[in-house]
Amino acid sequence: MVPDGELWNKIMARSVHAGEKWGSPQGTAHPFPAGCWTGLDGAERWSAPRLSYRGGWIGLSAIRCRVQGTSCCDLGTLPAPCPDPWVRLSHLSSASSAAEPGAMAAEMVLSRRPGQPRGEVLSEADLEELAQRKPPSKTSTRDCLPKARCSASTAKSLLFRFLPVLRWLPRYPVKDWLLGDIASGFSVGIMHLPQGLAYALLAGLPPVTGLYSSFYPVFLYFFFGTSRHNSVGPFAVISVMIGSVTDSLVPSEDFMEFDNGTNGTVVNEAQRDAARVELVATITVLSGIFQVALGLLQFGFVVTYLSDPLVRGYTTAASVHVLISQLKNVFGVSLGEHSGPLSLFVTFIEICKKLPETNVGTLVTAIIAMVAIFIVKELNHKFSAKLPMPIPIELITIIISTGISYGVNLNSKYGISVVGNIPSGLKPPVVPNVSYFGQVVGNAFAIAVVGYAICISLGKIFALKHGYKVDSNQELIALGLSNFLGGFFQCFAISCSMSRSLVQESTGGNSQVAGVISSLVILVTILKIGELFHDLPKAILSAIIIINLKGMFKQFTDLRTLWKSNRVDLMVWVVTFIATLLLNLDIGLGASVAFALLTVIFRTQLPHYSILGRVTDTDVYKDVAEYKKAQEVPGIKIFRSSSTIYFANVEMYSDALKKKSGIDVDRLIEKKKKALKKLKKQQKKAEKAKRKKDTEAECNGPGVAVIELSGEEGSTPAEPTLRSLGLPQPDFHAVILDFSPVNFVDTVSIKILKNIFRDFHEIEVDVFVASCPASVLAQLERGNFFSSTITKHCFFPSVNDAVLHIDGGMRPAPTYTGRGHKPEVLSLCR
């Protein structure tokens, strides 16, 4: 026997946990039985009662009921093809019934077959009601600002944040780290000496400024930096960027004087160097201001706009600039100073023209130095595991060449250019010339960003290797303060050197104590030893610079790697390299960043569009063009774009959707409009003929009246359909837009999305949206996307929920009201 509605209601009412077990509040569950059927064995079977709440469905796989005096037959389950769960009612012994006379209990166990939903399918509107979505909070500018209270703990926290040395120095493991830091500091200090002299020459400044830049900023970084292994100081790329500014704003031609001894004009190097030092100090201070400001504003993420291919392409091009700029010292020829776009090629052409004027002594000196430095550096690399510290070949080369130059008098005998006077001692601070700010603001910002990008990338590499964290914003502040304060002491902008940092790590350096030791080595050199390098040939410094470019030139191997991995990144690398060569370092950097951002825009404009299908025996949906087991759900098109939707690509999104659907939506709408227009004309013509006939009947006088009953009085005619108009119908009735890749929408995209809903509704296809993030849903609300025709009942948490709703949601969810009554529709979302 099939229990009637009253019996089922008693069973469910007796089950106290009816609402709790299936996730619905008590009082919202509506049980009803399904139709009875007869199996092959003659036993009556019926489908399981299903709980319906909020328009959804819940199936019960087993219900065991005990009813006094009620005989329940043992029912089996339906065959496998049936999509719904089924109930087995088991007859319990009379003893059990007698044990609880007059009592009725029901135990319900919820389960599901593979591929069946765990509960009802909820739309976003249902979820908002069920999960009680919070109203959007109204935030003011005051709420966005960090709330800080003036207290001793807050002051201590800020002090430790901006002076990290106070946090780690008291816990410094002296026994474990001190000896390694001392050895590392001496090794790095020995490298600082020749590189500081060489990079000052590269920047077009007196050599002593390179020593200053190797002392003040390094010492300051000890207090403010968070990287334990970065070796800050002069860096080739930053030096050549500074050199391009000094050549353009303070050219040597502005300091030409008449020489009575030679009856010609010569450059007053003292005045030129003083003017350049003043200019570079201003650039350094301004770069420091930019870096500190960005750090305080938590803008450490600005470096993310410099992708790794961009930085590597830029530094490779900068190394070519460095190489060309040092050829004049290698060949011993004098050149004019060129700046601006194509200046690199102008300089190279001029060098080629002056090759007949090469100073053989200078060329031989440079070649011997380069060969010696290259061989020893290769040996250092090969035997790095066996050597306690790298052989300081650069320092050895400087000492030997200075001694030979002094003993043989290379300058006067062979015309080999030497460094000249290196003043001893430290100079008092000088206020920068603020009148230069307007001329160098762009260059200063470029130097600040590039210097920080190189520094933070190296810092993160070492931090990952040794298991500590580098604060990107604090690194900006540390680098900025080092530049800002160093600019008052005639330093030029600094960054981090890969070669020195590797030496600092490999020789046992564990903290910035090694940086302090290396700065003390430079301090001793400035105070006592610097003047001894008066006779150092400039060709030796150029040789050191050129050999140290080897690591940057190895970046040309990126071309092969990027060709195999990512062609867009390869394009960024190549365009950055070419733009930097052609447009110089400052303009080239801006053009490279612009191109890199354009590639992002182009990729969002040309995403991958796909039609998804369900993978067999799963609720996973994949691209049907890429997966063999993914099959389209009959009657449903599931569309997905790999990019977000905004003004630049939403038109292409709409076009791709219509194209992927397999029908010409716009053409079909146009045909429908024409057919409706034609139908309207026919109706008007019929009405006109009818009125004419009625008029003639009235004119003929009284007669037999014929009344035509065409339908119910006052009824409106049915809306014409594609079939009634004789137009082709789409082979699908629903479209699902997968919004999982969408992270924002704008007003233009909201407008086009409305048009998509409207157009597909015109051809009798329903549109649903799945996996829409909450932030995008809020943007749609603010953009007045929802209306009486487009509601949140069309939005679902996942693609599978939308598919289940379309497959089963077209059937209303009825509630059983008793025998002989028709089910009532609770809710229906189409």
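Because the structure is a prediction, the values reported are computed rather than measured. (Residues numbered from 1 in each chain as written. Predicted model: local features only at pLDDT ≥ 70, side-chain atom pairs only at ≥ 80, totals over all residues. Heavy atoms only, no water.)

## With respect to the overall build of the chain
So, point 1. In terms of helices and strands, the chain carries 30 helices and 19 strands.
So, point 2. Taken across its 830 residues, the chain has 46% of its residues classed as buried.
So, point 3. The long-range fraction of contacts in the chain, counting pairs at least 24 apart against all pairs at least 6 apart in sequence, stands at 78%.
So, point 4. Summed over its atoms, the accessible surface of the chain is roughly 43,200 Å², and 60% of this surface lies on carbon and sulfur atoms. (Helix = DSSP H or I, 4+ residues; strand = E, 2+ residues; numbered from the N terminus. Buried < 20%, exposed > 50% of the residue type's maximum accessible area, 1.4 Å probe, protein only. Contact = heavy atoms within 4.5 Å. Areas by Shrake-Rupley, 256 points an atom, 1.4 Å probe, with all protein chains shown as cover.)

## Some remarks on the pairing of strand E14 (residues 636–641)
So, point 1. Most of E14 is tucked away, with 5 of its 6 residues classed as buried.
So, point 2. Inspection of the sheet shows E14 paired to strand E15 (residues 734–738) by 5 bridges, in the parallel sense. Among the inter-strand pairings, Arg-640 is bridged to a residue of E15, identified as Asp-738. (Pairing = 2+ DSSP bridges.)

## Overview of the packing of aromatic side chains
So, point 1. Applying the stated criterion across every chain yields a total of 24 aromatic pairs.
So, point 2. With a centroid separation of 5.6 Å and an interplanar angle of 20°, the aromatic rings of Trp-573 and Phe-577 are classed as stacked. One end of the pair is Trp-573 and the other is Phe-577, both in helix H25 (residues 567–605) and 4 residues apart, which spans about a single turn.
So, point 3. On the basis of relative accessibility, which here comes to 14%, the residue Phe-577 falls in the buried class. (Phe/Tyr/Trp six-rings, centres within 6.5 Å; stacked < 30°, edge-to-face > 60°.)

## Here's the deal with the side chain of His-229
So, point 1. Its location among the elements puts His-229 in the loop between helix H10 (216–224) and strand E7 (232–233).
So, point 2. A polar side-chain atom of His-229 sits 3.3 Å from the main-chain carbonyl oxygen of Gly-509.
So, point 3. The contact partners of His-229, leaving out residues within four places of it in the chain, are Phe-462, His-466, Tyr-468, Ser-501, Gln-504, Glu-505, Gly-509, Asn-510 and Gln-512. (Polar contact = N/O pair within 3.5 Å; in protein donor to acceptor, adjacent residues only side chain to side chain.)

## Considerations on the pattern of salt bridges
So, point 1. Under the counting rule described, the total for this entry stands at 17 salt bridges.
So, point 2. Between Asp-273 and Arg-272 there is a salt bridge, and its shortest N-O distance comes to 3.3 Å.
So, point 3. For Arg-272, a relative accessible area of 15% gives the class buried.
So, point 4. Between Lys-672 and Glu-762 there is a salt bridge, with the nearest N and O atoms lying 3.8 Å from each other. Residue Lys-672 is located in helix H27 (residues 665–699), and its partner Glu-762 is located in helix H28 (residues 747–762); the two are separated by 90 residues in the primary sequence.
So, point 5. The class for Glu-762 is partly exposed, based on a relative accessible area of 29%.
So, point 6. Connected through salt bridges with shared partners, the residues Lys-658, Asp-666, Arg-758 and Asp-759 form a single ionic network. (Salt bridge = Lys/Arg side-chain N within 4 Å of Asp/Glu carboxyl O.)

## Comments concerning the environment of Met-370
So, point 1. Note that Met-370 resides in helix H15 (residues 360–382).
So, point 2. The spatial distance from the C-alpha of Met-370 to the C-alpha of Leu-541 is 9.9 Å, given a sequence separation of 171 residues.
So, point 3. Contacts of Met-370, omitting those with residues within four sequence positions, involve Ala-543, Ile-546 and Ile-547.

## Comments concerning the packing of helix H13 (residues 308–331) against helix H14 (residues 343–353)
So, point 1. As a packed pair, H13 and H14 sit with axes 10 Å apart at the nearest point and diverge in direction by 25°. As judged from the angle between their axes, H13 and H14 are roughly parallel. Crossing of H13 over H14 shows left-handed handedness. For the pair H13 and H14, contact is made by Val-320, His-321, Ile-324, Leu-327, Lys-328 and Phe-331 and by Leu-344, Thr-347, Phe-348 and Ile-351, respectively.
So, point 2. Classifying every residue of the contact of H13 with H14 by side-chain character gives 7 nonpolar, 2 polar and 1 charged. (Axes fitted to C-alpha atoms, helices over the stretch in contact; angles between N-to-C directions. Parallel < 35°, antiparallel > 145°, perpendicular 65-115°, else oblique. Left-handed = near helix turned anticlockwise from the far one by under 90°. Nonpolar A, V, L, I, M, F, W, Y, C, P; charged D, E, K, R; others polar.)

## Topic: H13
So, point 1. Helix length check: H13, at 24 residues, gives a terminal C-alpha distance of 35 Å against a target of 34 Å (1.5 Å per residue), a fit within 8%.
So, point 2. The largest bend in H13 is about 25°, located at Ser-325.
So, point 3. Most of H13 sits out of view: 19 of its 24 residues are buried.
So, point 4. At the C-terminal side of H13, Gly-332 shows a positive phi close to 70°. (Expected span 1.5 Å × (residues − 1). Bend = angle between axes of the 7 residues up to and from the residue.)

## A few points about unusual backbone geometry
So, point 1. Phi at Ser-771 is positive, roughly 60°, even though this residue is not glycine.
So, point 2. Notably, Asn-784 is not glycine yet its phi reads approximately 55°, a positive angle.

## Description of the side chain of Thr-525
So, point 1. By the element assignment, Thr-525 lies in helix H21 (residues 513–529).
So, point 2. With residues up to four places along the chain from it excluded, the contact list for Thr-525 reads Leu-193, Leu-211, Gly-530 and Phe-533.

## Overview of the confidence of the model for the chain
So, point 1. Confidence along the chain averages 80 in pLDDT terms, with 78% of residues attaining 70 or more.
So, point 2. Scored below 50 in pLDDT, residues 1–118 makes 208 contacts in the model with residues more than four places away or belonging to other chains.
So, point 3. Predicted confidence for residues 810–830 stays below pLDDT 50, and this span has 49 contacts to residues more than four positions away or in other chains. (pLDDT = per-residue confidence, 0-100.)

## Side note on the state of the cysteines
A disulfide bridge is the covalent bond that connects two cysteines by way of their sulfur atoms.
So, point 1. Scanning all chains against the criterion turns up 0 disulfides.
So, point 2. For the unlinked cysteine Cys-496, the closest cysteine sulfur is that of Cys-455, found at 4.9 Å. (Disulfide = S-S within 2.5 Å.)

## Structural notes on the environment of Gly-189
So, point 1. Here Gly-189 shows up in helix H8 (residues 174–202).
So, point 2. Other than its neighbours up to four places away in sequence, Gly-189 contacts Ser-518, Val-521 and Ile-522.

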